[in-house]
Amino acid sequence: MIKEDFTFPSTGNAYILFGFEAIQARPNLDPYSSTLRMNDETGQVFTSDVHIKHHVRRGIKAYAEAENLPHSSETIFYEKEDEAGNPCNFERRLAKIREAAGINKSSADPKDALNNTLDLPLFGYVHAVKNENFNVTNAANTLFRPVTFHDCEIYSLGRNNAFPTLDKKQERIKDSAGSATVDSLEYGFFLALWEINLNMLRINASGNRLIPWGNNGPGKWLDILANGMWRAYSSDRYPSFTQRSQFAQFILGWIPEIGEELSYANPASLYDRLETKRIKTHSSAVEELKKILPDFLADWGCRNETIFLKHQAANFPMALPGASA
């Protein structure tokens, strides 16, 4: 995905805008109410940064396996269960990473987790095992909550996952336990804007054994991040009701010129530029993005000469700035 001839600076910030669709899905539920997260005034649906990072981790692991990276099955540190479904805490994951990397107790180092995984250099972590306490600052963050740029249509659906029971006295079927009414997002086009601190990424990844920093170091790490996003919402989606109907549409990365003044506009603010606020279909979303996305990107310093990454789905006909990567 990354342009081969792009030269990355050693400092500053890189930006990635990721666009994906959710169709008849429940992409990220509120843990207290089990309902969609949404802005009641605008009808925009949003997800949390933790949610999207969880899925990007899945995509990064799939990418690592496809690229045949060393001990690819253990390249993601933040996994709550092992392959057998047993719960993992920090110490168990660290022991598993060390085992996969062939590190014995005599050669163990507090930074073994950081240097033998792909998610920790990007997303950071707090290392808290006995006397080995330190923090690793995250290098890649979503600047704002991933959100639909438009008002969404929400349907209320009844469902029943339980087998019915029979009322023998009245010879009729009883209402089954497990019956519920759930809200479903009919259509939503999400925009997630990421900011990657290149200096912090260099610090975190400088000792990594899977992806050595080397010359023009940020390129491979940004490629891993971008491929993780893409795979998580395309070839390696979850099959569950909440996740299966989500599809990657485009991904665009750029590094603004040094000293350039940026707008720092939230993608959610694109809602204000829409003439028709509610969007129900893919084609309508694309047509509206054609009108409002170019100016938004320009305000963020995204131009042909600053773009290092561009990729889009076959069914996304909008011409994004920059040459194909």
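Heads up: these notes are all about the structure in this document. On a predicted model such as this, the values are computed, not experimentally measured, just so you know. Along each chain, residue indices are assigned from 1 in the same order as the chain's sequence is written. Whole-chain, interface and lining totals are the exception, using all residues; otherwise, since this is a predicted model, local features are given only for residues with pLDDT of at least 70 and side-chain atom pairs are given and counted only at 80 or more. Hydrogens and waters are ignored; side-chain quantities use all the structure's heavy atoms.

1. Considerations on the overall build of the protein chain
Convention followed: The secondary structure listing takes helices from DSSP runs of H or I that are at least 4 residues long and strands from runs of E that are at least 2 residues long, numbered from the N terminus. When we talk radius of gyration, it's over C-alpha atoms, and the globule rule is simply 2.2 Å times the number of residues to the 0.38. The buried label applies to any residue whose accessible area, calculated with a 1.4 Å probe on protein chains only, is under 20% of its type's maximum; exposed applies above 50%, and partly exposed to all values in between. Two residues qualify as a contact provided that any one of their heavy atoms is within 4.5 Å of a heavy atom in the partner residue. Only four residue types enter the tally: Lys and Arg on the positive side, Asp and Glu on the negative side; His and the chain ends are excluded. For charged residues, the charge sits on one atom: NZ in Lys, CZ in Arg, CG in Asp, CD in Glu.
Along its length, the protein chain carries seven helices and eleven strands. Relative to the globule expectation of 20 Å for 325 residues, the C-alpha radius of gyration of the protein chain, 22 Å, shows essentially globular dimensions. C-alpha extents for the protein chain along the principal axes are approximately 75 × 55 × 30 Å. Here the protein chain, with 325 residues, has 48% of them falling under the buried criterion. Relative to all contacts within the protein chain whose residues are 6 or more apart in sequence, the contacts with residues 24 or more apart total 74%. Across the protein chain, the 35 positively charged side chains and the 40 negatively charged ones have centroids separated by 6 Å.

2. Quick notes on the pairing of strand β10 (residues 246-254)
Our working rule: The pairing criterion for strands is at least two bridges between them, as found by DSSP.
Taking burial as the measure, the nine residues of β10 include eight buried ones, the bulk of the element. Across eight bridges, strand β1 (residues 13-25) lies against β10 in antiparallel orientation. Paired with L17 across the strands is L252, a residue of β10. Sheet topology note: the β10/strand β11 (residues 307-312) ladder contains five bridges and is antiparallel. Each residue of the ladder has a partner; that of I251, found in β11, is H311.

3. Description of helix α7 (residues 282-299)
Here is the rule we go by: By definition here, a helix of n residues has an expected span of 1.5 Å times n minus one. At every residue, the bend is computed as the angle between two fitted axes, covering the seven residues ending there and the seven beginning there respectively.
Its 18 residues give α7 an end-to-end C-alpha distance of 25 Å, which sits within 8% of 26 Å, the value for a rise of 1.5 Å per residue. At K290, α7 shows its largest kink, close to 45 degrees, and the proline P294 lies no more than four residues downstream. Inspection of α7 places A285, V286, E288, L289, I292, L293, F296 and L297 among the buried residues, and these make up the whole buried set. Count one or two residues on from α7 and you reach G301, which has phi positive near 80 degrees.

4. Let's talk about the nonpolar core
Heads up, the rule is: Take the buried residues of types Ala, Val, Leu, Ile, Met, Phe, Trp, Tyr and Cys, join any two whose side-chain atoms come within 4.5 Å, and each joined set is a nonpolar core.
By size, the foremost hydrophobic cluster in this structure holds 50 residues, and its most contacted members are F18, W194, L225 and F308. Elements with a minimum of two residues in this core: β1, α1 (49-66), α4 (119-123), β9 (179-197), α5 (198-205), α6 (218-232), β10 and β11. In contact with F18, not counting residues within four places along its chain, are I52, F190, L191, A192, M229, W230, Y233, A248, F250 and I251. In this structure, L193, F250, L262 and L274 belong to the second largest nonpolar core, which totals 28 residues.

5. Focus: the side chain of T42
Just so we agree on the cut-off: Definition of a polar contact: a pair of N or O atoms within 3.5 Å, with one able to donate and the other able to accept a hydrogen when the atoms are protein atoms, and with sequence-neighbouring residues admitted only if both atoms are side-chain atoms.
Inspection of the secondary structure puts T42 in the loop between β1 and α1. The exposure class assigned to T42 is buried, which follows from its relative accessible area of 16%. Here Q44 takes part through its side chain, which lies 2.9 Å from a polar atom of the side chain of T42. Setting aside chain neighbours within four positions, we find T42 in contact with D151 and Y271.

6. A short note on the environment of E288
Inspection of the secondary structure puts E288 in helix α7. Judged by relative accessible area, E288 falls into the buried class, the value being 14%. The spacing of E288 and E74 is 214 residues in sequence and 42 Å in space, taken between C-alpha atoms. Among residues more than four places away in sequence, those in contact with E288 are F149, L274 and I279.

7. Comments concerning the packing of aromatic side chains
The geometry of two aromatic rings is summed up by the distance between their centres and the angle between their planes. The condition that has to hold: Geometry of aromatic contacts follows a simple scheme: Phe, Tyr and Trp rings, the Trp one being its six-membered ring, pair when their centres are within 6.5 Å, and the pair is stacked under 30 degrees between planes, edge-to-face over 60, tilted otherwise. Charge-over-ring placement is defined geometrically: NZ (Lys) or CZ (Arg) within 6 Å of the ring centre, and within 35 degrees of the ring normal.
Summed over all chains, the structure comprises 18 aromatic pairs. Between Y15 and W254 the ring centres are 6.1 Å apart and the planes differ by 25 degrees, which places this aromatic pair in the stacked class. Highlighted residues: Y15 in strand β1 and W254 in strand β10, separated in sequence by 239 residues. Residue classification places Y15 among the buried positions, given a relative accessible area of 3%. The class for W254 is buried, based on a relative accessible area of 0%. In textbook terms, an aromatic cluster arises when at least three aromatic residues are bridged by ring pairs, as seen for Y15, W254, Y264 and W300. Looking at R58, its charged tip hangs above the ring of Y238, at a distance of 4.0 Å from the centre. Cation over ring: K277 sits above Y271, and NZ or CZ is 4.7 Å from the ring centre.

8. Comments concerning unusual backbone geometry
What is expected of a backbone is that most residues other than glycine have negative phi and most peptide bonds are trans. The backbone phi angle of H71 is positive, close to 35 degrees, even though this residue is not glycine. Positive phi values are uncommon outside glycine, yet Y264 reaches one of about 55 degrees. Its location among the elements puts Y264 in the loop between β10 and α7.

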